[in-house]
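Structural characterization, general
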Amino acid sequence: MNKKTKKVWITAYDVPSATASLDAGVDGILVGDSLGMTVYGLDSTKEVTVEMMCRHFEAVYKTLKKHNSEVELVLDFPFGTTENILIALETAEKFKNIGAECFKIEGGKEMLPIFLELISRGFEIIGHLGLTPQTSELKVQAKTMEEQQEILEVIKIFEDIGITKIVLECVPADFAKKAQEIFSGDIVGIGAGSDVNAQILVFDDVIGRTASNFSPKFLRRFGKSLEESVNAVQKYKKAVLCSDEKNMFPKEEESY
Ligand code: KIV
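Structure report, in brief.

Conventions and cut-offs
Residues numbered from 1 in each chain as written. Predicted model: local features only at pLDDT ≥ 70, side-chain atom pairs only at ≥ 80, totals over all residues. Heavy atoms only, no water. Near = heavy atom within 4 Å. Polar contact = N/O pair within 3.5 Å; in protein donor to acceptor, adjacent residues only side chain to side chain. Areas by Shrake-Rupley, 256 points an atom, 1.4 Å probe, with all protein chains shown as cover. 1 Å grid on protein atoms, 1.4 Å probe; cavity = no way out; pocket = protein on both sides within 12 Å on 5 of 7 lines; lining within 4 Å. Sits in = over half its atoms within 2 Å of the grid points. Nonpolar A, V, L, I, M, F, W, Y, C, P; charged D, E, K, R; others polar. Helix = DSSP H or I, 4+ residues; strand = E, 2+ residues; numbered from the N terminus. Contact = heavy atoms within 4.5 Å. Pairing = 2+ DSSP bridges. Axes fitted to C-alpha atoms, helices over the stretch in contact; angles between N-to-C directions. Parallel < 35°, antiparallel > 145°, perpendicular 65-115°, else oblique. Left-handed = near helix turned anticlockwise from the far one by under 90°. Buried < 20%, exposed > 50% of the residue type's maximum accessible area, 1.4 Å probe, protein only. Right-handed = clockwise from strand over helix to strand, strands pointing away.

Another aspect to go through is the site of the ligand. Within the structure, the ligand sits among Thr11, Leu30, Gly32, Asp33, Ser34, Asp76, Lys104, His128, Val167, Ile190 and Val202. In this structure, Ser34 approaches the ligand through a side-chain N or O atom, which is 2.5 Å from an oxygen atom. Protein contact buries 95% of the 260 Å² of open area that the ligand shows by itself. Its atoms largely coinciding with the cavity grid, the ligand occupies the largest pocket. For the shell around the ligand, the class distribution of residues is 4 nonpolar, 4 polar and 3 charged.

Structure representation (structure tokens):
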């Protein structure tokens, strides 16, 4: 695969994460329900609400508008919003009112009626297969031929109904490669090896802001944000407590 054609996706939840991601030149931003853990300290994505998703989407959306950015922007449907078509449509309308047009929704064949309804109303859908944190056990998926066959069938159906991107999470790399081979759109991998068209990671993991005891095999931290933040706050504390005029905070020139 030609590495130059690969696409880079990331999650963002607020102005700083969206600005950094745009400045770095990503291809796509997902306002993901992982914000439940990264922003709110929840134990899982199950407690994330539509209101939380709206609040964070609005911050990211405003950031993109301010930068005249054309980057693809996707909003996650949180847990419970696909319980039935009515709830899904209500959610889509709420999201549409704040500017969202493209939604990522976890699930396979059972989601087809909802996907078809949303697509018929002009929304774009991104599928999410493999490990789907709202319902799956947090472990590598698609390890058996049976499971793999089932996912490949779903991917073909998704392609037939016009879906052009699918997040594929925590599956063996050789299976993800097969999935990409049968799908003309982008498989956006997370823990799915390198033979897919696109990768996605959670912003807080990329910059190294999440606690180091969260360390799934696929996660590479590219920055040391947590360490740098602690250092900065320690320096601030030291300066406030310091009595020597040269190093203290605030100095005369920092006072009114
Ligand atoms: O919510 C999220 O951030 C996600 C990505 C990890 C794909 O679903």
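Having put the structure on the table, let's press on.
Tracing the backbone shows Gln141 in the loop between β5 (124-130) and α6 (145-160). Engagement of the side chain of Gln141 in a polar contact is seen with the backbone oxygen of Glu137, the distance being 3.2 Å. In this structure Gln141 touches Gly130, Leu131, Ser136, Glu147, Cys170, Val171 and Pro172, once residues within four positions along its chain are discounted.

Working definition: the strands of a sheet are paired by backbone hydrogen bonds and lie parallel or antiparallel to each other. Read around the closed barrel, 8 strands run β1-β2-β3-β4-β5-β6-β7-β8, paired in parallel fashion. Going across the sheet, the axis of each strand differs from the next one's by a mean of 25°, ignoring polarity. As paired strands, strand β3 (residues 72-76) and strand β4 (residues 102-106) are joined by 2 bridges and run parallel to one another. Following the sheet pairing, Leu75 is matched in β4 by Phe103.

Time to look at the packing of helix α1 (residues 15-24) against helix α3 (residues 50-66). Two elements in contact, α1 and α3, have axes separated by 8 Å at closest approach and are oriented at 40°. It follows from the interaxial angle that α1 and α3 lie oblique. Handedness of the α1/α3 crossing: right-handed. Taken together, the residues of α3 that come into contact with α1 (itself represented by Val15, Ala18, Thr19 and Leu22) are Ala59, Val60, Thr63 and Leu64.

Pairing analysis gives 4 bridges linking strand β1 (residues 7-11) to strand β8 (residues 198-201), with the strands arranged parallel. Considered in β8, the bridge of Lys7 is made with Ala198.

Turning our eyes to something else, we now look at the pairing of strand β2 (residues 28-31). Burial along β2 is two-sided: Gly28 and Leu30 and Ile29 and Val31, pointing in opposite directions, are all buried. Strand direction decides the pairing type here: β1 and β2, joined by 3 bridges, are parallel. Bridging across to β2, Ile10 finds its partner in Ile29. On the question of chirality, the crossover connecting β1 to the parallel β2 by way of α1 is right-handed. Where β2 meets β3, 4 bridges bridge the pair, whose relative direction is parallel. Of the residues in β3, the one forming a bridge with Gly28 is Glu72.

In the contact formed by helix α4 (residues 85-97) and helix α5 (residues 112-120), the axes pass within 10 Å of each other and the chain directions differ by 40°. Where α4 crosses over α5, the two elements pack in a sense that is right-handed. Across the interface between the two elements, Ile85, Ala88, Leu89 and Ala92 from α4 touch Pro113, Ile114, Glu117 and Leu118 from α5. Across the contact of α4 with α5, the residue classes tally to 7 nonpolar, no polar and 1 charged.

These figures come from the coordinates and say nothing about function on their own.
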